[in-house]
Every structure is written in C-alpha cells, then in structure tokens.
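The residues making up each chain are set out below.
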Amino acid sequence: MLATPIPQYVDARHLCRMEDKTQYIFALLGLLASLYFIYWKADPLYNIPAIGPSAPILSYLGAYRYYYHGRQVLREGYRKYKVFRVPMLDRWVVVVSGADMNEELRKLPDTHVSLAQAVNEFIHSKYTVARDITDHPIHTAVIRGPLTRNLNLLFPDVVDEMKTAFPEVMPLPTHDGEWVAISVRNTMACIVSRASNRVFVGLPLCRDPKFLDTLVEYALSVSKARDILNVMPGRVRGIVGNVLPWVKRATRHASVCIQPMVQERLQRLQNTDDDHGDKPHDYLTWLIEETQKVKLSPDFVVQGILASNFSAVHTASNSITHALFNLAAHTQYMQPLREEVEDIIKEHGWTYNAIKEMWKLDSFMRESQRLCGVTGVSLMRKVLLDITLSDGTYIPKGTLVVAASSATHTDKTYYENAEAFVPFRFYDMCTENGTLGTQFVNTSKDYLAFGHGKHACPGRFFVAHELKAMMAYIILHYDVKLEDGALWVWHDIPPPSAKILFRKRQSEVE
Ligand code: HEM
C-alpha cells in the first residue's frame, strides 16, 4: 500500500500542537503533583510518624493492612514511637504508646476530649445504636450509679437466669462421656443476653423469644450499619444513616415490649409519691428516674435499654468466649479452678460475695482479657480542643486518639513473660503482696481492658460477676477441650464457627 504523503505545513503545525499538548500535560501533572504535595504536607497530622505510607491515596494500602493486621501495625508503632498514627479508610487515628502516655491520655479533661463523641465518630452511634444516646447517655448514669450499688441484691436473679439458660441453650449430651462441638460465641451471647436482660427488663421479657430475636438482629445490625456508613463520604453519611432501617426497626419492636412496662412503673412511681404504693426498685425504674432528672420524656427508656444491650452483650460474650478457649487450650488449670469454685459454692452458695471470693478464677479472667481484649486499643477519645502532649506532639481538634492497649498488655516492662498465658499471675501477685489491686475489675495505666480513669467501663463490676458466675457454672458442670488437632488461633472477635468440645463433667474434685 502506498503511504499518503503528508504536506510539510500540516506536519509542522501538527508537531507544534503535539509539543503544546505535551507541555500542557506536563504542566498539569506538575500542578497535580504540587497540589498533592501541598495537601500532604498541609495535613495537620503530617509531623506525627505514620505506620505505612502516609501520602494521600497510598495511605489506603496502610488502611488495608491496619484493617486486617491491626495488632501487628500497633505493635510496630508501639516499638518505634511514643506517639504515632495509623490510617483507616476515612481518617488517621493517633495512637499513644506505653503506660505513661496512657496515663496522660486518660487524665485529659472532658472539656478537651470526649469518649462519647469518639464512639459516635467510630461507629456512628446515632444511626447504629440509638438516635439520641450520644447526647443523652441515660444508661451510663444508671449503670455507674444504682445498678452498681445494688449488685448484691440483683445478683440472685442473674444466677437464676444463668442456671435456667445453660441447660436450655447448652443441653448436656444424653450419653455420659460423649463430647459435643459447640459454637461458643453465639451460645455465650445467648446466655449473656438472657442473664443481662434479667436485670435490664426482668422476667418474663428476658426470656421472650421475640424480644431476644430483636436484640440479636439489633446487635448484628450495629456492625452492618457501621460498615456501610464507614465507606460513605461525610456529607452523604447523614443522608444514608437516616434511611437505614435497622435501628428504627429495633426501637419500634423493643418499644412494643418495653413501653407498657414503663407505663406501669410510672404509675407505681406516682402512687409512691402519693404514699399509696411501694416504689419499684429495678433497672427500668432507675432509667425512668434518670429521664426525669435530665428532663427527658420517658420514651427515652427504650433507647436506654438498647444502648445498655449494645454496651453489655457483645463485649461480655466475646470476653467469656476468649476465656473458654483459653481454658480448653490449657485444661491443666481446670482442676485448681474446680477446687476453688466447689469449695466456695459449698460454703456460701451462689451469692455475689461468693463469686467475688473466687480469686483464681478472677485472675484467670483478667489474664484472658489481658491477652485477648476485644480490640487492640482503648481510651478512645475525640479531641475537642487542640492539645499538645508532653512529648511536644500537637494534636488538632477533631482528631481521634487511642491508647495501644494490646501492645501495652504484652510489654515486658510491665509483665514478666508477657506473651505467655499465665492464668494465676494476678492471683500470685495478690497473695504475695497482700494487695487486691490486680482484680479483674481493676484498671491501671498498664491494664486497659476496661479503659481507665473517669470513663473506665462502669459495667465492669456487673460483668465481672456475671462472667465469673457463668465460668463457675461451666467449670462445675462440663469438661471442655479443643477439637482434635485444633489449635487455638486467637481473633479479636472469635468467628461464630469456632467450636469447643463440651461433655458432662466426668470427674469429682480429688
Ligand atoms: C467484658 C466486658 C466489657 C468490656 C471489655 C468493656 C470495656 C469497656 C471499655 C474499654 C470502655 C471505655 C472506657 C474508657 O475509654 O476509659 C467501656 C465503656 C463503657 N462500658 Fe463497658 N465493657 C464491658 C462490659 C460492659 C457492660 C456489661 C456494661 C453495662 C452493664 C458496659 C457499659 C459501658 C458504658 C455505659 C461505657 C461508657 C462509659 C462512659 O461513657 O463514661 N460495659 N467499656
């Protein structure tokens, strides 16, 4: 084929245009690179060392790594820096390292940092947990106040519910000696939910299958909704959050069950004012009284119950699931635990004080939580006013700051043989030093499983006794072991498929 000759003048103009185009492209690329560089440098967190790439767009690689290997990333930062930052899909999170920095973070006043705002930013509580709970956390005041003060009185109900729930939810195999594989997380969630709601809403609602289904759906929907909202850009988030159906549906369904009880309590409270009746003394009444104190409608009680469930059930069922896996992986500790539990129950029965006195079990639970906390971070705070930490790190308003709890818990500066599961280490500390400062419920700058300071988990006194009672029940009634050939592979949140073998207890305490 003959090539068509190109006239000279066309060629020259064409070349000129090509040159112009190339120049424009280079100029545009240069401009974009400069903007990219300026944007990167202008980030107010730029001076805080980042784990993984910190440049815009590339930081998504780091976010991906943090999502899947969070604890490794946190440990890397913890080893290298006092203060560092890790990328998430929509933000950077600043992390402080070591007990002294933890102490500094927990001492920051509420005028400068906020836990509630941080939780709201992190899981969008307004759209995932309960509409008004960030602004009006009535449940927190009730848990911290009357619930904790009255644990001794409420505890027989928790024990009764647990004793009823175990045989129903985890029936013993019909043949003696037969092992049965049980999916632990869901089973424990079911029993924790019943025992906790025995206190929150009482009988018969705490056993009502419809109410319990609503709570299960609600719990699942919180993380589903959070995952959806996390990938939304800021402005769209509010619009999408408002149309998500789950929290509205849970509130509607829960209202049908709870509102009549609220009305009944209100009536009784009024009668008490008129000296005609006994004042009810339970969680619903305390929530109603709290709404009255802060001048809210009693309708808020439903949100308070949902938020209580959100705070209590997921955390507690994960905690006992980890403890059971630790027991199944270290069955040599069954015997000393059995001896302790059996002796104490024989002497005192299933009382609140009896559970408190199970010090070996207490130490076991604390150690399990030291190594297997629900998340690798604690003391999550949103910065409300610009702050400068003692090492000179400037943290602007709006930033999320956390403490690297899992890295602190495995730091050999604070714990001997820090990586090993040594279930009676805290028991030994208590007996050697004669102090009670290392009980399951105690927080410190190097033990952050329940947070630390003013906002430390107010439900920890309730949950410590609830979970110890459940463990004591299992220790007395079941043998446990891992499935043949299975290794205990630790997860922040154990997958529902993770199973343990249970059988009716074979041996008496020797
Ligand atoms: C093993 C189970 C639990 C764990 C590991 C746990 C852990 C935590 C942590 C780490 C915090 C944040 C503390 C801080 O930042 O200083 C917290 C706060 C909170 N927890 Fe728990 N928790 C558990 C069970 C419960 C239970 C059973 C309840 C309710 C009965 C509850 C109610 C709360 C509330 C209301 C807050 C917010 C406190 C505030 O805003 O000041 N938690 N919890």
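An unreviewed UniProt entry lists the protein under the name Cytochrome P450, from Postia placenta MAD-698-R-SB12. Listed under Pathway (unreviewed entry) in UniProt, the entry text for the protein is "Secondary metabolite biosynthesis." You can read under Cofactor (unreviewed entry) in the UniProt record for the protein the words "heme".

A. Spatial organisation of the coordination of the iron atom of the ligand. The sole protein-derived ligand of the iron atom of the ligand is Cys457 (SG), positioned 2.3 Å away. Along the chain, Cys457 falls in the loop between α19 (425-433) and α20 (460-477).

B. Region of the structure containing helix α13 (residues 283-293). Burial of α13 is extensive: eight of the 11 residues sit out of reach of the surface. Where α13 is buried, its residues meet α7 (138-149), α8 (151-169), α9 (184-200), α12 (246-273) and α14 (300-329).

C. Spotlight on the pattern of salt bridges. With the rule as written, the count across this model stands at 31 salt bridges. Put simply, Arg75 and Glu419 hold a salt bridge, and the shortest N to O gap is 3.1 Å. Taken together, the positions of Arg75 in helix α3 (residues 70-80) and Glu419 in the loop between α18 (405-409) and α19 put the pair 344 residues apart, joining distant regions of the chain. In this structure, Arg268 and Glu264 form a salt bridge, with 3.4 Å as the shortest nitrogen-oxygen distance. Note that Arg268 and Glu264 are positioned in helix α12 at a spacing of four residues, about one turn of the helix. Assessed through its relative accessible area of 33%, Arg268 is described here as partly exposed.

D. Up close: the nonpolar core. Among the nonpolar cores identified, the biggest contains 100 residues, and Phe166 and Ile258 are the most heavily contacted of them. At 15 residues, the largest contribution of residues to this core is made by α14. When neighbours within four sequence positions are excluded, Phe166 is seen to be in contact with Pro171, Met188, Ile191, Met470, Tyr473, Ile474 and Tyr478. Membership of the second largest hydrophobic core comes to 18 residues, among which are Val94, Leu105, Val113 and Leu448.

E. Seen up close, the environment of Asp43. Relative to the helices and strands, Asp43 resides in the loop between α1 (8-42) and α2 (59-68). For Asp43, a relative accessible area of 22% puts it in the partly exposed group. Through-space distance from the C-alpha of Asp43 to that of Pro56 is 9.9 Å; in sequence the pair is 13 residues apart. Sequence-distant contacts of Asp43, that is, excluding residues within four places in its chain, are made with Arg85 and Trp92. There is a polar contact of 2.8 Å between the side chain of Asp43 and the backbone nitrogen of Leu45.

F. Focus on the site of the ligand. The environment of the ligand is made up of 24 residues, and the closest members are Arg144, Arg381, His452, His455 and Cys457. Contact between the ligand and Arg144: an oxygen atom at 3.0 Å from a side-chain N or O atom of the residue. His455 has a polar side-chain atom sitting 2.7 Å from an oxygen atom of the ligand. For the shell around the ligand, the secondary-structure elements that each account for two or more residues are α7, α14 and β5 (378-383). Take the shell around the ligand: its biggest share by element is five residues, from α14. When grouped by side-chain class, the residues that make up the shell around the ligand number 11 nonpolar, 11 polar and two charged.

G. Spatial organisation of helix α11 (residues 234-243). Turning to α11, its buried residues are Arg237, Val240 and Gly241. Buried residues of α11 fall within an arc of 105° about the axis and therefore sit on the same side. Those residues of α11 that are exposed and angled more than 90 degrees off the buried face are Arg235, Ile239 and Val243.

H. Local environment of the sheet that holds strand β3 (residues 113-114). With mixed pairing, five strands are arranged side by side in an open sheet as β1-β2-β8-β5-β3. Here the strands that pair on one side only, and so sit at the sheet edges, are β1 (83-87) and β3. For β1 and strand β2 (residues 92-96), the ladder comprises five bridges, and the chain directions are antiparallel. Bridge pairing in β2 places Val86 opposite Val93. Contacting β1 and β2, α2 crosses the sheet at an angle of about 95° to β1.

I. How the structure looks around a nonpolar patch on the surface. On the surface, Ile25, Phe26, Leu28, Leu29, Leu31, Leu32, Leu35 and Ile38 cluster together into a nonpolar patch covering about 830 Å² of accessible area. Structurally, Phe26 can be placed in helix α1. Overall, the relative accessible area of 58% leaves Phe26 in the exposed class.

J. Expanded view of the packing of aromatic side chains. Summed over all chains, the structure comprises 14 aromatic pairs. A centroid spacing of 6.2 Å and a plane angle of 80° characterise the contact between Phe426 and Tyr447, whose relative ring orientation is edge-to-face. Of this pair, Phe426 sits in helix α19 while Tyr447 sits in the loop between α19 and α20, and the two are 21 residues apart along the sequence. Comparing Phe426 with Tyr447 shows no difference in burial state: the two are buried.

K. Focus on the sheet that holds strand β10 (residues 499-504). Strands sit in the order β4-β10-β9 across an open sheet of three strands; the sheet is antiparallel. Each of the sheet's edge strands pairs with one partner strand only, and the pair in question is β4 (180-183) and β9 (478-481). Between one strand and the next, the sheet's axes are offset by a mean angle of 40°, whatever the strand orientation. Relative to β9, α20 is tilted by about 95°, and along the sheet it contacts β9 and β10.

L. Layout of a negative patch on the surface. A cluster of acidic side chains, namely Glu339, Asp343, Glu347 and Glu357, defines a negative patch on the protein surface. Position of Glu347 among the secondary structure elements: in helix α15 (residues 334-348). The exposure class of Glu347 is exposed, given its relative accessible area of 62%.

M. Looking closely at the pairing of β2. Within β2, five of the five residues are buried, which leaves it mostly tucked inside the rest of the structure. Here β2 shows two buried faces, one formed by Trp92, Val94 and Val96 and the other by Val93 and Val95. Two successive antiparallel strands, β1 and β2, enclose a turn made up of four residues. Two strands pair when backbone bridges link them, and β2 and strand β8 (residues 400-403) are joined in this way by four bridges, in the parallel orientation. By the bridge assignment for β8, Val96 is matched with Ala403.

Calculation notes
Residues numbered from 1 in each chain as written. Predicted model: local features only at pLDDT ≥ 70, side-chain atom pairs only at ≥ 80, totals over all residues. Heavy atoms only, no water. UniProt positions renumbered as here; feature names shortened; annotations may be inferred. Donors = N, O, S within 2.8 Å, 3.2 Å for Na, K, Ca; no water. Helix = DSSP H or I, 4+ residues; strand = E, 2+ residues; numbered from the N terminus. Buried < 20%, exposed > 50% of the residue type's maximum accessible area, 1.4 Å probe, protein only. Contact = heavy atoms within 4.5 Å. Salt bridge = Lys/Arg side-chain N within 4 Å of Asp/Glu carboxyl O. Core = buried A, V, L, I, M, F, W, Y, C linked by side-chain atoms within 4.5 Å. Polar contact = N/O pair within 3.5 Å; in protein donor to acceptor, adjacent residues only side chain to side chain. Near = heavy atom within 4 Å. Nonpolar A, V, L, I, M, F, W, Y, C, P; charged D, E, K, R; others polar. Arc of directions from axis to C-beta. Pairing = 2+ DSSP bridges. Axes fitted to C-alpha atoms, helices over the stretch in contact; angles between N-to-C directions. Patch = residues over 30% accessible without salt bridge, like charges linked within 9 Å, V, L, I, M, F, W, Y side chains within 5 Å. Areas by Shrake-Rupley, 256 points an atom, 1.4 Å probe, with all protein chains shown as cover. Phe/Tyr/Trp six-rings, centres within 6.5 Å; stacked < 30°, edge-to-face > 60°. Lys, Arg positive; Asp, Glu negative; His and termini not counted. Charge placed at Lys NZ, Arg CZ, Asp CG, Glu CD.

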